[in-house]
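What follows is each chain in one-letter form.
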Amino acid sequence: MNHLKVIQSTIEPELAKLNERIAVRLRSSNSLMNTVIDNYLKIKGKQIRPILVMLSARMLGEVNDRVISSAAAVELLHNASLIHDDVVDDTKMRRGVTTINGLWDNHIAVLVGDFFVSTALLEAMSTGDTRAVACVANLGKLLSLGEIDQIYNARFHQLSEDAYFAVISRKTASLFVACVEMGAYAVDADEEVLSHLRRYAELLGLCFQIKDDIFDYFDDEKIGKPTGNDLREGKITLPLLHVLLGEESDDAPMLQLSRKEQLDEDEIQKLIEYAKAGGGIEYAYERMAGLYEEALAELAHLPAGRDRDAFDNLFRYVISREN
């Protein structure tokens, strides 16, 4: 069963409104900007982030126009971060589709990303709630800090699970947390209930990133990026990190190899196989299972019904997804 498709089917009209809202808000007087954005919007992602906004609002109230604006704000900022990340990482393909900088150039991609950021803030403002504006603005800070943290850890070889989880908390989980906050703010939800939703969303975001990192150790066309891409960028993710941290000596050959400024393809493959052989993939799945158990404890504090079940199923989907 595809849990995500089941959830999407229950909010299909709302998702249609969201996509229409985004398309309308991104229209401009510049024909080049419109061409680039129209092409970009043809490919719809999973839209897990706006789904979180809507599920949160539906559980605690109803999906009103403020909720649609809130969902649009986080989806726009999320896409802006992807566009800018592609420039930073010089990525030409994402999920099997040519990126904006790959199709056009970095100058246009940066400007389009900035346009998305500004539109996200305008959507947050349209809710009439300063909490929503502050949430989106703060999210932009956290996403940027997460990326800088990751670059710092790669360049200065900060190898620890605490450092890894601090990075993915900012660069990924913060967006999931912002989604449930935006949904709750839009229906004026109780703060106590929101605190449990926040923690659930943080756990979901951590799990999402760990699963993304696992994909880097396998060659699969569904994933849409080459194996070992993180290692090419100097990023040591959880499967390899776990095995490296088990090394008894700081002079261990594989630990030294992981610290090289630039790895060739044979060295990348050697580290991938080393992580697999050392049980790194299994360990990452164990950590995801632990996060899921924590999430279930948080969900137990929320109102029983289809929306709580949807949050549960969304977590199951994140663990089992294939791309």
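Located above this text is the structure these notes cover.
S.K.: Please explain the packing of helix H10 (residues 191–215) against helix H15 (residues 280–299) as it appears in this structure.
M.R.: Two quantities define a packed helix pair, namely the angle between the axes and the distance from one axis to the other. Running from N to C, H10 and H15 point in directions that differ by 165 degrees, and their axes come no closer than 9 Å. Taken together, H10 and H15 sit at an angle that is classed as roughly antiparallel. Read as a crossing pair, H10 and H15 show a hand that is left-handed. Seen from H10, the contacting residues are His 196, Arg 199, Tyr 200, Leu 203, Leu 206, Cys 207, Ile 210, Lys 211 and Ile 214; seen from H15, they are Ile 281, Ala 284, Tyr 285, Met 288, Leu 291, Glu 294, Ala 295, Glu 298 and Leu 299. Considering only residue class, the contact of H10 with H15 consists of 13 nonpolar, 1 polar and 4 charged.

S.K.: Where do I start with the pattern of salt bridges in this structure?
M.R.: Where charged atoms from two side chains of opposite charge approach closely, those side chains can pair. Summed over the entire model, instances satisfying the criterion amount to 23 salt bridges. A salt bridge links Asp 90 to Lys 92; the nearest nitrogen and oxygen atoms lie 3.1 Å apart. Between Lys 260 and Glu 267 there is a salt bridge, with the nearest N and O atoms lying 2.8 Å from each other.

S.K.: Even after reading the chapter, I still don't get the side chain of Thr 237, so can you show me in this structure?
M.R.: For Thr 237, the location among the structural elements is in the loop between helix H11 (229–232) and helix H12 (238–244). Given the relative accessible area of 6%, Thr 237 is considered buried. At 3.0 Å, the side chain of Thr 237 and the side chain of Tyr 217 are in polar contact. If sequence neighbours within four positions are ignored, Thr 237 has contacts with Tyr 164, Asp 213, Tyr 217 and Asp 230.

S.K.: Whenever I open this one, the packing of helix H5 (residues 65–88) against helix H8 (residues 130–155) confuses me. Can you help?
M.R.: Put simply, H5 and H8 touch, their axes get as near as 11 Å, and they point 25 degrees apart. Regarding the angle of H5 to H8, the classification is roughly parallel. Handedness of the H5/H8 crossing: right-handed. Of the residues in H8, those in contact with Ala 73, Leu 77, Ser 81 and Asp 85 of H5 are Val 136, Leu 139, Gly 140, Leu 143 and Glu 147. Along the lines of polarity and charge, the residues of the contact of H5 with H8 split into 5 nonpolar, 2 polar and 2 charged.

S.K.: Help me understand helix H9 (residues 161–186) in this model?
M.R.: With 26 residues, H9 extends 35 Å from end C-alpha to end C-alpha; this agrees with the ideal 38 Å at 1.5 Å per step. Of all 26 residues in H9, 22 are buried; the element is thus mostly enclosed. Two residues or fewer after H9 comes Asp 188, characterised by a positive phi angle close to 55 degrees.

S.K.: Is there a simple way to think about unusual backbone geometry in this case?
M.R.: The bulk of non-glycine residues show a negative phi, and the bulk of peptide bonds are trans. In this structure, Asp 90 is a non-glycine residue whose phi angle is positive, near 55 degrees. Of the residues examined, Asp 90 reaches a relative accessible area of 46% and is grouped as partly exposed. Even without a glycine there, the phi angle at Asp 188 is positive, about 55 degrees. As for its position among the elements, Asp 188 is in the loop between H9 and H10. Given a relative accessible area of 53%, Asp 188 falls into the exposed group.

S.K.: Please clarify how the packing of aromatic side chains should be interpreted in this entry.
M.R.: To describe a pair of aromatic rings, you give the distance between the ring centres and the angle between the ring planes. Scanning the model with the defined rule gives 7 aromatic pairs in all. Between the aromatic rings of Tyr 164 and Phe 165, the centroid separation amounts to 5.2 Å while the plane-to-plane angle is 85 degrees, which identifies the pairing as edge-to-face. Taken as a pair, Tyr 164 and Phe 165 share a single burial class, namely buried. Ring geometry for Tyr 292 against Phe 315: centres 5.5 Å apart, planes inclined by 50 degrees, an arrangement best described as tilted. Here Phe 315 lies in helix H16 (residues 306–320) and Tyr 292 lies in helix H15, a separation of 23 residues in the sequence. Note on Tyr 292: relative accessible area 13%, which makes it buried. Among the aromatic residues, ring-to-ring pairing joins Tyr 200, Tyr 292, Phe 311 and Phe 315 into one connected group. The cationic tip of Arg 49 hangs over the ring face of Phe 208; the distance from NZ or CZ to the ring centre is 4.9 Å.

S.K.: I keep staring at the nonpolar core and nothing clicks. Help me out?
M.R.: Within soluble globular proteins, side chains that are nonpolar generally end up buried alongside one another. By size, the foremost hydrophobic cluster in this structure holds 101 residues, and its most contacted members are Leu 52, Val 112, Tyr 200, Ile 210, Leu 240 and Phe 315. If we skip the residues at most four places from it in the chain, Leu 52 touches Phe 176, Cys 179, Val 180, Tyr 200, Leu 204, Phe 311 and Leu 314.

S.K.: Is there a simple way to explain H5 in this structure?
M.R.: The α-helix advances 3.6 residues per turn, and as a result positions three or four apart in sequence lie on the same side. The end-to-end C-alpha separation of H5 is 35 Å, in line with the 34 Å expected for 24 residues at 1.5 Å each. The element H5 is largely enclosed, with a buried count of 20 among its 24 residues. Capping of H5 at its N-terminal end is provided by Asn 64; its side-chain oxygen lies 3.1 Å from the backbone amide nitrogen of Arg 66.

Rules behind the numbers
Residues numbered from 1 in each chain as written. Predicted model: local features only at pLDDT ≥ 70, side-chain atom pairs only at ≥ 80, totals over all residues. Heavy atoms only, no water. Axes fitted to C-alpha atoms, helices over the stretch in contact; angles between N-to-C directions. Helix = DSSP H or I, 4+ residues; strand = E, 2+ residues; numbered from the N terminus. Parallel < 35°, antiparallel > 145°, perpendicular 65-115°, else oblique. Left-handed = near helix turned anticlockwise from the far one by under 90°. Contact = heavy atoms within 4.5 Å. Nonpolar A, V, L, I, M, F, W, Y, C, P; charged D, E, K, R; others polar. Salt bridge = Lys/Arg side-chain N within 4 Å of Asp/Glu carboxyl O. Buried < 20%, exposed > 50% of the residue type's maximum accessible area, 1.4 Å probe, protein only. Polar contact = N/O pair within 3.5 Å; in protein donor to acceptor, adjacent residues only side chain to side chain. Expected span 1.5 Å × (residues − 1). Phe/Tyr/Trp six-rings, centres within 6.5 Å; stacked < 30°, edge-to-face > 60°. Lys NZ or Arg CZ within 6 Å of the ring centre and 35° of its normal. Core = buried A, V, L, I, M, F, W, Y, C linked by side-chain atoms within 4.5 Å.

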